[in-house]
Amino acid sequence: MTPPEVAARAGALLGAPATSAHATATVDVERGGWPAAVAAVRDDPVLALTAFDVLTAVDQSPAGLDVVLRLWSVAGRHGLMLRTGCPREDPRVPTLTALFGGAGWHERSVHEMFGITFDGHPGLTPLLLPADFGMHPLRKDVVLASRQVRPWPGSVEPGQSAAEAAATASTRRRLAPPGVPRPGPPDGGWP
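Below, the structure is looked at part by part. (Residues numbered from 1 in each chain as written. Predicted model: local features only at pLDDT ≥ 70, side-chain atom pairs only at ≥ 80, totals over all residues. Heavy atoms only, no water.)

Describing the nonpolar core
- Core analysis: the largest hydrophobic core is formed by 32 residues, its most contacted members being Trp34, Leu55, Leu69, Leu71, Leu80, Leu82 and Ile116.
- Those elements that provide at least two residues to this core are α1 (3-14), β2 (24-28), α2 (34-43), β3 (51-59), β4 (65-73), β5 (78-86) and α3 (103-114).
- For Leu82, the contacting residues outside a window of four places in its chain are Leu14, Val27, Val29, Trp34, Val38, Val41, Val67, Val68, Leu69 and Leu71. (Core = buried A, V, L, I, M, F, W, Y, C linked by side-chain atoms within 4.5 Å. Buried < 20%, exposed > 50% of the residue type's maximum accessible area, 1.4 Å probe, protein only. Helix = DSSP H or I, 4+ residues; strand = E, 2+ residues; numbered from the N terminus. Contact = heavy atoms within 4.5 Å.)

Examining the layout of surface pockets
- Reported here for the second largest pocket is a volume of approximately 150 Å³.
- What lines the second largest pocket is simply His111, Glu112, Leu124, Pro126, Leu129, Pro130, Ala131, Asp132, Phe133, Gly134, Met135 and His136.
- Looking at side-chain class alone, the lining of the second largest pocket contains seven nonpolar, three polar and two charged residues. (1 Å grid on protein atoms, 1.4 Å probe; cavity = no way out; pocket = protein on both sides within 12 Å on 5 of 7 lines; lining within 4 Å. Points joined across faces, edges and corners; volume = space filled by probe spheres on them. Nonpolar A, V, L, I, M, F, W, Y, C, P; charged D, E, K, R; others polar.)

So, the sheet that holds β5
- Spatially, β1-β2-β5-β4-β3 is the arrangement adopted by the five strands of the open sheet, whose pairing is mixed. Only two strands of the sheet have a single partner each, and these edge strands are β1 (18-21) and β3. The sheet shows a mean angle of 25 degrees between the axes of neighbouring strands, direction not considered.
- Alignment of β4 against β5, held across nine bridges, turns out to be antiparallel. In the strand pairing of β5, Val67 is matched with Thr84.
- Its contacts with the sheet place α3 against β3 and β4, and it is angled at close to 10 degrees to β3. (Pairing = 2+ DSSP bridges. Axes fitted to C-alpha atoms, helices over the stretch in contact; angles between N-to-C directions.)

Thoughts on the environment of Pro35
- By the secondary structure assignment, Pro35 is in helix α2.
- For Pro35 and Leu99, which are 64 residues apart along the polypeptide, the C-alpha to C-alpha distance reads 7.8 Å.
- The residues touching Pro35, leaving out its near neighbours within four places in the chain, are Pro94, Thr95, Leu96 and Leu99.

As for the pairing of β2
- Strand direction decides the pairing type here: β1 and β2, joined by four bridges, are antiparallel. Counterpart to Thr19 in the pairing with β2 is Thr26.

Quick look at unusual backbone geometry
- The step from Ser61 to Pro62 runs through a cis peptide bond, and the omega angle for that step is 0 degrees.
- Turning to its location among the elements, Pro62 is positioned in the loop between β3 and β4.
- With phi around 55 degrees, His22 is a residue other than glycine that occupies positive phi space.
- Relative to the assigned elements, His22 resides in the loop between β1 and β2.
- Note on His22: relative accessible area 78%, which makes it exposed.
- One non-glycine residue, Ala23, lies in the positive phi region at around 60 degrees.

Section: the packing of aromatic side chains
- One pass over the full model with this rule turns up one aromatic pair.
- Geometry around Phe100 places Arg42 over its ring, the cationic atom sitting 5.9 Å from the centre. (Phe/Tyr/Trp six-rings, centres within 6.5 Å; stacked < 30°, edge-to-face > 60°. Lys NZ or Arg CZ within 6 Å of the ring centre and 35° of its normal.)

Focus on α2
- Residues Trp34, Ala37, Val38, Ala39 and Val41 constitute the buried set of α2.
- On its buried side, α2 packs onto α1, β3, β4, β5 and β6 (92-94).

Considering the side chain of Glu112
- The topology assignment puts Glu112 in helix α3.
- Buried charge without a salt bridge: Glu112, with Arg108 as the nearest opposite-charge side chain at an N-O distance of 7.0 Å.
- Not counting the four nearest positions on each side in its chain, Glu112 is found in contact with Pro126, Leu127, Leu128, Leu129, Met135, His136 and Pro137. (Lys, Arg positive; Asp, Glu negative; His and termini not counted. Salt bridge = Lys/Arg side-chain N within 4 Å of Asp/Glu carboxyl O.)

So this is what it looks like as structure tokens:
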């Protein structure tokens with residue numbers, strides 16, 4: 001099946017908006033119907049999307065967070081991306097671990113890096129970061145440590161002149177991300 005055919009079939013099956021662009025079929029699904037939609041495209045005899053490829057997230061700041069799932073049909077040699085959104089204030093999505101065992105690891109990674117909770121997941125323990133890390137590094141609202149240590153070259157904001165950038169840089173309060181020590185006064189002591 002071609003991506004437009006996959007998008008049309010999945011969109012009709014799920015009753016959801018489907019698009020096909022850049023050789024990829026994508027269907028947007030409501031958050032509450034996430035597991036049911038994934039089960040429907042997996043069990044459909046025409047689509048037969050039985051191979052779990054990847055589950056990740058995208059920070060669509062300020063609109064919220066999107067969870068993106070890629071499924072593949074080995075027999076039909078076609079794929080589908082399913083996408084569901086959740087607001088920043090309530091980053092929760094139902095788990096897919098009952099449908100695909102491999103989803104557990106991917107959901108743990110997304111929980112750790114984006115802060116999205118997967119309701120019903122057997123254990124959202126961290127994979128890479130310490131349990132008390134306190135932030136989700138792939139969210140756009142996280143302060144970059146490298147920008148705090150070394151000033152950003154050039155203008156701070158698009159369309160701003162060098163003089164305006166210099167004036168605002170000197171009055172702008174710098175926030176240190178977690179784990180980056182505050183710089184002390186020139187004599188080496190701490191205030």
